[in-house]
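Structural overview for review
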Amino acid sequence: MDEIIKNLDIHAKGIWCPIAWTVILVLVVLLIPKQKLNWLQIYYTYGVIGLLTWISNSIFGVFLDLVDFGDASVTGFAEMLTYTFIPSSLAVLFLNMFSREKKILLTVIFLIISLFIEWTCHASGFMEYKKWNLLFSVPVYFVIYYFVLPFHYRLISEIRSED
C-alpha cells in the first residue's frame with residue numbers, strides 16, 4: 001500500500017495546483033453552451049489532444065529532461081491530470097469559440113491563459129524548470145493555438161453526434 005501511495009505522488013509539492021486547474025477546466029467544459037462542438041467532437045478532442053500531450057511530455061520531460069512535475073522518479077496522479085485534462089480542456093474551450101475572424105484574438109487569449117496556468121504550476125512548486133523557462137512556451141502555445149487546433153477542427157468538423 002505504501003508503494004502505491006508513493007507512486008501516486010500525492011504528497012508532491014504544489015499538487016493542489018494541477019488538481020484545481022483540472023477541476024475548474026473540466027467543469028467549465030461540461031457547463032458551457034456547446035456552440036461549435038458536439039459531445040462526440042469533444043470526446044475525440046480529449047483523446048487526440050491528450051495523446052499528443054503525453055507524447056510531447058515524454059519527449060520534453062523524459063527524453064530531453066527539460067522539466068519535471070512532482071517527484072521526477074514517478075508519474076503521479078496530478079501529473080497524469082496535467083497531461084490528460086488541462087491541455088484537452090483548453091483545446092475544447094478554444095475550439096468551441098473558434099472562428100476564422102477571431103483566430104488571432106483567441107490564439108492570444110488562450111496563449112496567455114496557458115502561460116498563466118503553467119506559471120501557477122511552476123510557482124506552486126509542482127512544475128520544476130530544468131532547461132526550460134516560461135518564455136520558451138510562448139512559440140509552442142502559439143503554434144498549437146494558431147495552427148494545430150484549427151487543423152484538428154477541420155478534421156473533426158464532419159463528425160456528427162446523433163444526440
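Report on the accompanying structure. (Residues numbered from 1 in each chain as written. Predicted model: local features only at pLDDT ≥ 70, side-chain atom pairs only at ≥ 80, totals over all residues. Heavy atoms only, no water.)

Some details on the packing of aromatic side chains
- Following the criterion strictly, the structure yields 17 aromatic pairs and no others.
- Ring plane angle 85 degrees and centroid distance 6.1 Å describe the contact between Tyr43 and Tyr44, whose orientation is recorded as edge-to-face.
- A relative accessible area of 40% places Tyr44 in the partly exposed class.
- Among the aromatic side chains, those forming a connected cluster through ring pairs are Phe94, Phe98, Phe110, Tyr145 and Tyr153.
- Here the basic side chain of Lys103 rests over the ring of Tyr146, its NZ or CZ set 4.1 Å away from the ring centre. (Phe/Tyr/Trp six-rings, centres within 6.5 Å; stacked < 30°, edge-to-face > 60°. Buried < 20%, exposed > 50% of the residue type's maximum accessible area, 1.4 Å probe, protein only. Lys NZ or Arg CZ within 6 Å of the ring centre and 35° of its normal.)

Some details on the pattern of salt bridges
- Throughout the structure, instances matching the rule amount to two salt bridges.
- Here Asp68 ties to Lys130 by a salt bridge, and the two come within 3.2 Å at their closest N and O atoms. Here Asp68 is found in strand β1 (residues 67-69), whereas its partner Lys130 is found in the loop between β2 (127-129) and α7 (134-156), with 62 residues between them in sequence.
- Relative accessible area serves as the criterion here: at 11%, Asp68 is assigned to the buried category.
- When salt bridges that share partners are traced, they join Asp65, Asp68 and Lys130 into one network. (Salt bridge = Lys/Arg side-chain N within 4 Å of Asp/Glu carboxyl O. Helix = DSSP H or I, 4+ residues; strand = E, 2+ residues; numbered from the N terminus.)

A short note on the side chain of Ser88
- Note that Ser88 resides in helix α5 (residues 86-97).
- One polar contact links the side chain of Ser88 to the main-chain carbonyl oxygen of Tyr46, over a distance of 3.3 Å. (Polar contact = N/O pair within 3.5 Å; in protein donor to acceptor, adjacent residues only side chain to side chain.)

Points about the layout of surface pockets
- Taken as a whole, the largest pocket holds about 780 Å³ of empty space.
- Only α3 (39-63), β1, α4 (77-84), α5, α6 (103-123) and α7 provide two or more residues apiece to the lining of the largest pocket.
- The dominant element in the lining of the largest pocket, judged by the number of residues it contributes, is α7, at eight residues.
- Volume-wise, the second largest pocket comes out at about 190 Å³.
- Of all the secondary-structure elements, those providing two or more residues to the lining of the second largest pocket are α3, β1 and α4.
- In terms of residues, the lining of the second largest pocket owes the most to one element, α3, which gives five residues. (1 Å grid on protein atoms, 1.4 Å probe; cavity = no way out; pocket = protein on both sides within 12 Å on 5 of 7 lines; lining within 4 Å. Points joined across faces, edges and corners; volume = space filled by probe spheres on them.)

Considering the state of the cysteines
- In the structure shown here, the tally under the stated rule is zero disulfides.
- No disulfide involves Cys17; its sulfur sits 3.8 Å from that of Cys121, the nearest cysteine.
- For Cys121, a relative accessible area of 3% corresponds to the buried category. (Disulfide = S-S within 2.5 Å.)

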